[in-house]
Amino acid sequence: MKYGLLVITCLLTITACSGPSKEELRRMQMLEAQRAEQAALEAQREAAAQEARVRSRKAEALSAWQRQQTIPAADINTLFSADAGQQFHPGQTYFVQFELQAAKYNYSDNKQSFTLVGMRNLPNSAVYGPLFPDDQAQYQPGQLAKSVLEFALKEETGENRLGQQILRPRGQRWVAATLNFKTYNILQSSTDAWYWEPGLFKDLSWNTTPEAAYPYTSDRALVVQMGLRFCTLRQCYLDSEYRRHPTHAVRAEVVSVLVGDKKRQQVLAEFIRAQE
């Protein structure tokens with residue numbers, strides 16, 4: 001009897017150690033194939049959704065460019081008021097324009113670079129940490145706060161002796177703050193000839209010849225049109241100070257950027273956000 005029990009125990013042990021049966025293997029393979037097919041379908045759906053978003057945002061940006069549609073000054077006042085949520089919707093895109101100032105042509109790199117007038121570059125910005133929190137920066141040594149770009153929407157200015165508009169002493173500033181799309185991979189470019197410079201002193205560069213760049217730089221008519229979405233929740237606003245100028249910021253997301261010539265009504269480059 002003991003011998004019979006020993007044989008049965010050995011057989012059960014051998015069976016247990018021999019691994020899954022053919023039927024179980026087939027079932028596992030079928031489940032894995034189904035998971036792979038589902039993942040492929042999901043990736044196709046997301047790719048199609050991204051393509052549709054890019055087309056829609058590109059068309060909206062081009063339409064705004066053709067109509068020279070920008071946020072009126074009165075609406076900027078509303079954006080920083082208690083009524084902002086009633087007029088500015090988080091899913092809607094609002095357009096603003098900023099001038100491009102050309103640098104000297106770079107013959108060694110065969111490029112024409114520009115700075116974006118009205119933009120501040122704040123790498124590792126602790127000031128804007130409340131608007132763009134980074135958990136890693138708070139808990140892990142060596143981590144840095146996120147890099148932020150600040151765009152002047154409205155400023156209290158006055159005329160100097162040269163007839164130029166400059167910030168008044170203690171003049172207030174109203175700005176939109178976005179994640180730094182110059183360094184973060186946020187926007188898709190329509191051409192490799194135009195690209196963002198990650199540094200502090202140049203913002204945008206164009207790989208071209210000096211002859212091709214000259215008509216645009218001499219006219220000083222190049223601008224950047226930005227499509228922005230604003231967050232109007234209470235936690236999306238922040239007051240700070242820049243060089244003794246009170247600064248009121250609202251968090252924004254960049255959806256599109258067009259580089260264009262206002263004199264020729266010509267678009268030279270497009271940068272579109274593909275993510276939701």
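First, a word on what this report is: a plain description of the structure on this page. Throughout, residues of each chain are indexed from 1 in the direction in which the sequence is written. The predicted nature of this model means local features are confined to residues of pLDDT at least 70 and side-chain atom pairs, given and counted, to a pLDDT of 80 or more, with totals for whole chains, interfaces and linings taken over all residues. The basis for every side-chain value is the complete set of heavy atoms in the structure, and neither hydrogens nor water enter the calculation.

Description of the state of the cysteines
- For this text, the term disulfide refers to a pair of cysteine sulfurs within 2.5 Å. Applying the stated criterion across every chain yields a total of one disulfide.
- Cysteine 231 shares a disulfide with cysteine 236; S-S distance 2.0 Å. Given an S-S torsion of about 60 degrees, the disulfide between cysteine 231 and cysteine 236 has right-handed geometry.

Let's talk about helix α6 (residues 210-219)
- Listed in full, the buried residues belonging to α6 are Ala213, Tyr216 and Thr217. One side of α6 carries all its buried residues, which in axial view fall inside an arc of 95 degrees. Facing away from the buried surface of α6 by more than 90 degrees, the exposed residues are Glu211 and Tyr214.
- We call two residues contacting when some pair of their heavy atoms lies within 4.5 Å. Under the scheme used here, helices are H or I runs from DSSP no shorter than 4 residues and strands are E runs no shorter than 2 residues, and both carry numbers assigned from the N terminus. Lining the buried residues of α6 we find β1 (94-102), β2 (111-116), β10 (204-207), β11 (222-230), β13 (245-261) and β14 (266-273). The buried label applies to any residue whose accessible area, calculated with a 1.4 Å probe on protein chains only, is under 20% of its type's maximum; exposed applies above 50%, and partly exposed to all values in between. Taking the helix axis as origin, the arc is that swept by the directions to the C-beta atoms.

With respect to the packing of aromatic side chains
- Between the rings of Phe, Tyr and Trp (Trp by its six-membered ring), a pair exists once the centres lie within 6.5 Å; its type follows the angle of the planes, with under 30 degrees stacked, over 60 edge-to-face, and the other angles tilted. Under the counting rule described, the total for this entry stands at twelve aromatic pairs.
- Taken together, a centroid distance of 5.9 Å and an interplanar angle of 40 degrees make the contact between tyrosine 94 and phenylalanine 230 tilted. Taken together, the residues tyrosine 94 in strand β1 and phenylalanine 230 in strand β11 connect sequence positions 136 residues apart.
- For phenylalanine 230, a relative accessible area of 2% puts it in the buried group.
- Look at phenylalanine 114 and tryptophan 194: their rings are 5.7 Å apart centre to centre, the planes differ by 15 degrees, and that puts the pair in the stacked class. Of this pair, phenylalanine 114 sits in strand β2 while tryptophan 194 sits in strand β9 (residues 194-196); the two residues are 80 residues apart in sequence, bridging distant segments of the chain. Tryptophan 194 shares its class with phenylalanine 114; the two are buried.
- Sitting over a ring, as applied to charges here, requires NZ of Lys or CZ of Arg to be within 6 Å of the ring centre and within 35 degrees of the ring normal. One cation-aromatic arrangement involves arginine 264 over tyrosine 216; the distance from NZ or CZ to the ring centre is 4.7 Å.

A look at the pattern of salt bridges
- By salt bridge we mean one thing: a side-chain nitrogen of Lys or Arg within 4 Å of a carboxyl oxygen of Asp or Glu. Evaluated as defined, the whole model comprises 15 salt bridges.
- Residue lysine 111 is joined to glutamate 197 by a salt bridge in which the shortest nitrogen-to-oxygen separation is 2.7 Å. Of this pair, lysine 111 sits in strand β2 while glutamate 197 is found in the loop between β9 and β10, placing the two residues 86 residues apart along the sequence. Here lysine 111 and glutamate 197 have matching classes, each one buried.
- Beyond isolated ion pairs, a larger network of salt bridges with shared partners links Arg120, Glu150, Glu155 and Arg173.

Some points on the side chain of serine 256
- Mapped onto the fold, serine 256 is located in strand β13.
- Apart from the residues lying within four places of it in its own chain, the contact partners of serine 256 are Ala61, Phe95, Gln225, Met226, Gly227, Phe271 and Ile272.

Structural notes on the pairing of β11
- Within β11, nine of the nine residues are buried, which leaves it mostly tucked inside the rest of the structure.
- What you see with β11 is no split at all: Leu222, Val224, Met226, Leu228 and Phe230 on one side and Val223, Gln225, Gly227 and Arg229 on the other are buried throughout.
- The criterion for strand pairing is that DSSP finds at least two bridges linking the strands in question. Where β1 and β11 come together, six bridges link them in antiparallel fashion. Considered in β11, the bridge of phenylalanine 98 is made with valine 224.
- Strand direction decides the pairing type here: β11 and β13, joined by nine bridges, are antiparallel. If you follow valine 223 over to β13, its bridge partner there is glycine 260.

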